[in-house]
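An overview of the molecular structure
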Amino acid sequence: MNNRLLQRRQFVLDVIHPGRANVPKAELKDKLAEKFKTDKDRVAVFGFRTAFGGGRSTGFALIYDSEEAQKRFEPKYRLIRDGLAKKAERPTRKLRKERKNRQKKFRGTAKVKAAEPPKKGK
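Residues numbered from 1 in each chain as written. Predicted model: local features only at pLDDT ≥ 70, side-chain atom pairs only at ≥ 80, totals over all residues. Heavy atoms only, no water.

1. Some thoughts on the overall build of the protein chain
Helix and strand content of the protein chain: 5 helices and 4 strands. For the protein chain, the α and β elements follow one another from N to C terminus as β-β-α-β-β-α-α-α-α. Whereas a compact globule of 122 residues would reach a radius of gyration of roughly 14 Å, the protein chain reaches 23 Å, over 25% beyond that. Per-residue burial for the protein chain yields a buried fraction of 27% across its 122 residues. Pairs at least 24 residues apart make up 46% of the contacts formed inside the protein chain by residues separated by at least 6 positions. Treating the 36 positive side-chain charges of the protein chain as one cloud and the 14 negative ones as another, the clouds have centres 13 Å apart. (Helix = DSSP H or I, 4+ residues; strand = E, 2+ residues; numbered from the N terminus. Rg over C-alpha atoms; globule rule 2.2 N^0.38 Å. Buried < 20%, exposed > 50% of the residue type's maximum accessible area, 1.4 Å probe, protein only. Contact = heavy atoms within 4.5 Å. Lys, Arg positive; Asp, Glu negative; His and termini not counted. Charge placed at Lys NZ, Arg CZ, Asp CG, Glu CD.)

Right, here's the structure in full:
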């Protein structure tokens with residue numbers, strides 16, 4: 001189905017794969033790009049579930065008209081998965097919580113100093 005509002009083609013994808021556990025998404029992207037005569041980077045496949053007993057999987061596929069449309073409408077986690085966006089680097093959850101709790105003990109500009117972990121040996 002063509003979705004002009006989101007600048008993409010979208011469809012449910014049924015894959016029959018007897019004798020195989022499942023089919024890699026990269027292989028599916030290549031086949032779809034070849035069939036629809038587009039760049040494989042514009043194809044997004046996700047949400048595959050293998051039918052009970054194997055041999056058949058059902059998922060969802062999107063083919064975007066342009067990279068700009070893909071970056072605009074595709075969720076960030078799928079862009080990261082496809083290598084079109086960078087994952088934000090941030091400290092671990094434990095470090096963030098420790099910093100927050102250290103800052104609670106101070107007021108005003110002293111909070112900036114509290115964000116750094118205490119020095120060992122002093």
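Resuming the write-up.
2. So, the sheet that holds strand S3 (residues 43-50)
Reading across from one edge, S1-S2-S4-S3 is the order of the 4 strands in this open sheet, with antiparallel pairing throughout. Pairing within the sheet leaves two strands with one partner each, and these edge strands are strand S1 (2-3) and S3. Sheet topology places S1 next to strand S2 (residues 8-16); 2 bridges connect them, and they run antiparallel. Counterpart to Asn 3 in the pairing with S2 is Arg 8. Lying over the sheet, helix H1 (residues 25-35) contacts S2, S3 and strand S4 (56-64), oriented at roughly 125 degrees with respect to S3. (Pairing = 2+ DSSP bridges. Axes fitted to C-alpha atoms, helices over the stretch in contact; angles between N-to-C directions.)

3. Looking at the pattern of salt bridges
Any two side chains of opposite charge can pair, given that their charged atoms come close. Counting across every chain of the model gives 7 salt bridges. The partner of Asp 82 in a salt bridge is Lys 29, with the nearest N and O atoms 3.0 Å apart. Taken together, the positions of Asp 82 in helix H3 (residues 76-82) and Lys 29 in helix H1 put the pair 53 residues apart, joining distant regions of the chain. You can call Lys 29 buried: its relative accessible area is 15%. Residue Lys 40 pairs with Asp 30 through a salt bridge whose shortest N-O separation is 3.7 Å. Here Asp 30 lies in helix H1 and Lys 40 lies in the loop between H1 and S3, a separation of 10 residues in the sequence. Under the relative-accessibility criterion, Asp 30 is labelled partly exposed at 37%. (Salt bridge = Lys/Arg side-chain N within 4 Å of Asp/Glu carboxyl O.)

4. Side note on the pairing of S4
As paired strands, S2 and S4 are joined by 9 bridges and run antiparallel to one another. Following the sheet pairing, Arg 9 is matched in S4 by Ile 63. Here 6 bridges tie S3 to S4, and the two strands are oriented antiparallel to one another. From the neighbouring strand, Thr 50 faces S4, where its bridge partner is Ser 57. Hairpin connection between S3 and S4: a loop of 5 residues separates the two successive antiparallel strands, and Gly 53 in this loop has a positive phi of roughly 95 degrees.

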